[in-house]
Amino acid sequence: MRYLLPLFAFLVLAVFLFVGLSLNPRQVPSPLIDKPAPEFQLYSLHEPDRIFSSKENIGKVWLLNVWASWCVACRDEHPLLVQLANSGIVPIYGLNYKDENTTAKQWLKHFGDPYIASVVDPDGAVGIDYGVYGVPETYVIDKQGIIRHKQIGPVTVDSLQNKIIPLIVELQKQT
Amino acid sequence: MKKFLVSFLYNSVRVCADGITLKRFSDVFFSSTAVMLVILFVMPSQSLAETEYKEAVPVAENPEIEKRMLALTEDLRCLVCQNESIAESRADFSNDMRRIIREQIKANKTDDEIIDFLVDRYGDFVLYNPPMKATTVLLWFGPLVFFILSTWFLVKFLKGRRQEIKEVTLSEAELKKAAVLLDESHAKVSGNQHKENDNLNERDNSSTRKQHQKTDVSVRENKGNNV
């Protein structure tokens, strides 16, 4: 008993510290999960005359990917997004965050364009409504227009296979 | 002028290098001083000529708004560089936040409204002062609970230690037994010592006395344990 108590206290402390150390401080839980996606009306990068409204996507599950040509990590995830778009599982929309239109277009030409439409958010106002703080970020939005998942940082094979795609499939089953 | 300076610099460096191999203090000292002087005087004047100076962008148009904004942002976390407040951080994110907060102050929003605006988007994580909630109860009261528990343990431990030392009253028979034991050990100790050191009677006596006391204590302890 005399030695068990300190040992027990140590083990409790060790477990707390171990869990604390293995947490990723970048993964800040978003308060927007399970809340309606903020509405926006923005013009699209390739068709400046066409104003895209986020309401248009009500009734389908879609991805909103926040990207920019100045964002290095976006290059890492981009081939995966192109693959996902080609698979036809889910429509992907882009939010071109604080970018120059000409460089953004060049970037898409060079790396491929997975987006149904990429809307332009030059001063980052819509990005701020979505709580964007580190590009790239990807939101899974359901048929009711509710945010179901937020991927902070680049999409990876692991996060796609284990989280995003299963979630999309499940959400598509709902009415 | 430039040529002269270059050759001067070159020579100084060479002498400097030579000086180090020759280990002549005066050479090393003068040549290294020359190199430093050249660096000091030539470099800034060249860069002065080459760079254009820009006016610093005024940070505060309205010092009152700036003051309120800074007071607010000091308690808000920059999500990009998480150990800096939005007031301190030069990250793009914090620039945006400061701009937005300035705009909202101009729009006559209250401090609470501005903080709610940020919490709605970035969660409680932006706040350096976490709000009291079901999930933060442990954070708020954990230290207090820990303090109370540890004080309780300490008091219990100290009391327990006081109780451990008890005066033991011995019965007649036990006293006799102890006396016999003491006599035995006394005889043994003094017997041995008499044989070995006849001359040291004085010291001998004192050491036996010590021995005596020791045995006394140990007997008492033994009894205590038995009880």
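Predicted, not measured: the structure shown is a model, and the values here were computed from it.

Caption draft 1: Geometry of the overall build of chain A. Helices and strands together make up the secondary structure of chain A, namely five helices and seven strands. Helices and strands in chain A line up, N terminus first, as α-β-β-β-α-β-α-β-α-β-β-α. A total of 175 residues make up chain A; the buried ones form 46% of that total.

Caption draft 2: Up close: the state of the cysteines. Under the counting rule described, the total for this entry stands at one disulfide over all chains. Distance from the sulfur of Cys78(B), which forms no disulfide, to the nearest cysteine sulfur (Cys81(B)) is 3.3 Å.

Caption draft 3: Expanded view of helix 1 (residues 4–22) of chain A. Between its first and last C-alpha atoms helix 1 of chain A spans 27 Å; for 19 residues at 1.5 Å apiece the expected length is 27 Å, and the two agree. Burial runs low along helix 1 of chain A: only zero of the 19 residues are buried.

Caption draft 4: Expanded view of the pairing of strand 7 (residues 147–152) of chain A. Residue and element names in this part refer to chain A. Summarising burial for strand 7: five of the six residues are buried, a large majority. Two elements, strand 6 (residues 137–141) and strand 7, share five bridges in a ladder whose sense is antiparallel. Considered in strand 7, the bridge of Val-140 is made with His-149. Once strand 6 ends, the chain turns through five residues before running back antiparallel as strand 7, passing Gly-145 with a positive phi of about 80°.

Caption draft 5: Here's a closer look at a negative patch on the surface. Residues Glu74(B), Asp75(B), Glu84(B) and Glu88(B) make up a contiguous surface patch of negative charge. With respect to the helices and strands, Glu88(B) occurs in the loop between helix 3 (63–73) and helix 4 (92–106).

Caption draft 6: Local environment of the interface of chain B and chain A. In this assembly, 17 residues from chain B lie in contact with 14 residues from chain A. Regarding the contact of chain B and chain A, the summed buried area is about 1,300 Å², with carbon and sulfur atoms giving 55% of it. Looking only at chain B, the three residues that lose the most surface to chain A are Gln82(B), Arg121(B) and Tyr122(B), adding up to 38% of its buried area. Here chain B is connected to chain A by three salt bridges.

Caption draft 7: View of the packing of helix 2 (residues 72–87) of chain A against helix 3 (residues 101–111) of chain A. All names here are of chain A. Axis separation between helix 2 and helix 3 bottoms out at 11 Å; the angle between their running directions is 55°. Looking at the two axes, helix 2 sits oblique to helix 3. As helix 2 packs across helix 3, the resulting crossing turns out to be right-handed. Contacts between helix 2 and helix 3 pair Cys-74, Arg-75, His-78 and Val-82 from the former with Trp-107, Leu-108 and Phe-111 from the latter. Among the residues forming the contact of helix 2 with helix 3, the class breakdown is five nonpolar, one polar and one charged.

Caption draft 8: Looking closely at the environment of Glu47(A). Tracing the sequence through the fold places Glu47(A) in the loop between strand 1 (41–43) and strand 2 (51–53). Distance from Glu47(A) to Val119(A), taken between C-alpha atoms, is 9.3 Å for residues 72 residues apart in sequence.

Caption draft 9: Just helix 5 (residues 157–173) of chain A, in detail. Residues and elements named next belong to chain A. Taking 1.5 Å per residue as the helical rise, helix 5 with its 17 residues ought to reach 24 Å, and the 23 Å between its terminal C-alpha atoms agrees with that figure. A maximum bend of about 35° is found in helix 5 at Ile-164, where proline Pro-166 lies one to four positions downstream. Structurally, helix 5 contributes buried residues whose contacts are with strand 3 (62–67), helix 2, strand 6 and strand 7.

Caption draft 10: Seen up close, the pattern of salt bridges. Across all of its chains, the model carries 13 salt bridges over all chains by this definition. For the salt bridge of Lys55(A) with Glu39(A), the shortest nitrogen-to-oxygen distance reads 3.8 Å. Of this pair, Lys55(A) sits in the loop between strand 2 and strand 3 while Glu39(A) sits in the loop between helix 1 and strand 1; the two residues are 16 residues apart in sequence, bridging distant segments of the chain. What makes Lys55(A) partly exposed here is its relative accessible area of 49%. What emerges from the salt-bridge pattern is a single network uniting Lys98(A), Asp92(B), Asp96(B), Arg99(B) and Glu103(B).

Caption draft 11: Geometry of the nonpolar core. With 44 residues, the main nonpolar core has Phe40(A), Leu64(A) and Tyr130(A) as its most contacted residues. Counting only elements with at least two residues in this core, the list comes to strand 3, helix 2, strand 4 (92–97), helix 3, strand 5 (117–121), strand 6 and helix 5 of chain A. Membership of the second largest hydrophobic core comes to 24 residues, among which are Val28(A), Leu72(B), Ile86(B) and Tyr122(B).

Caption draft 12: Representation of the packing of aromatic side chains in the model. Evaluated as defined, the whole model comprises eleven aromatic pairs over all chains. With a centroid separation of 5.1 Å and an interplanar angle of 25°, the aromatic rings of Trp67(A) and Trp107(A) are classed as stacked. Linking Trp67(A) in strand 3 with Trp107(A) in helix 3, this pair joins segments that are 40 residues apart in sequence. Accessibility assignment for this pair places Trp67(A) and Trp107(A) in one class, buried. Aromatic side chains Phe93(B) and Tyr122(B) sit 5.2 Å apart centroid to centroid with 90° between the ring planes, which places their arrangement in the edge-to-face category. On the criterion of sequence distance, the pair formed by Phe93(B) in helix 4 and Tyr122(B) in helix 5 (residues 111–122) is long-range, its members being 29 residues apart.

Reading guide: rules and limits
- Residues numbered from 1 in each chain as written.
- Chains lettered and ligands numbered in written order.
- Predicted model: local features only at pLDDT ≥ 70, side-chain atom pairs only at ≥ 80, totals over all residues.
- Heavy atoms only, no water.
- Helix = DSSP H or I, 4+ residues; strand = E, 2+ residues; numbered from the N terminus.
- Buried < 20%, exposed > 50% of the residue type's maximum accessible area, 1.4 Å probe, protein only.
- Disulfide = S-S within 2.5 Å.
- Expected span 1.5 Å × (residues − 1).
- Pairing = 2+ DSSP bridges.
- Patch = residues over 30% accessible without salt bridge, like charges linked within 9 Å, V, L, I, M, F, W, Y side chains within 5 Å.
- Areas by Shrake-Rupley, 256 points an atom, 1.4 Å probe, with all protein chains shown as cover.
- Salt bridge = Lys/Arg side-chain N within 4 Å of Asp/Glu carboxyl O.
- Lys, Arg positive; Asp, Glu negative; His and termini not counted.
- Charge placed at Lys NZ, Arg CZ, Asp CG, Glu CD.
- Contact = heavy atoms within 4.5 Å.
- Buried area = accessible area lost by both parts, 1.4 Å probe.
- Axes fitted to C-alpha atoms, helices over the stretch in contact; angles between N-to-C directions.
- Parallel < 35°, antiparallel > 145°, perpendicular 65-115°, else oblique.
- Left-handed = near helix turned anticlockwise from the far one by under 90°.
- Nonpolar A, V, L, I, M, F, W, Y, C, P; charged D, E, K, R; others polar.
- Bend = angle between axes of the 7 residues up to and from the residue.
- Core = buried A, V, L, I, M, F, W, Y, C linked by side-chain atoms within 4.5 Å.
- Phe/Tyr/Trp six-rings, centres within 6.5 Å; stacked < 30°, edge-to-face > 60°.

Any functional reading would require information that these geometric values do not contain.
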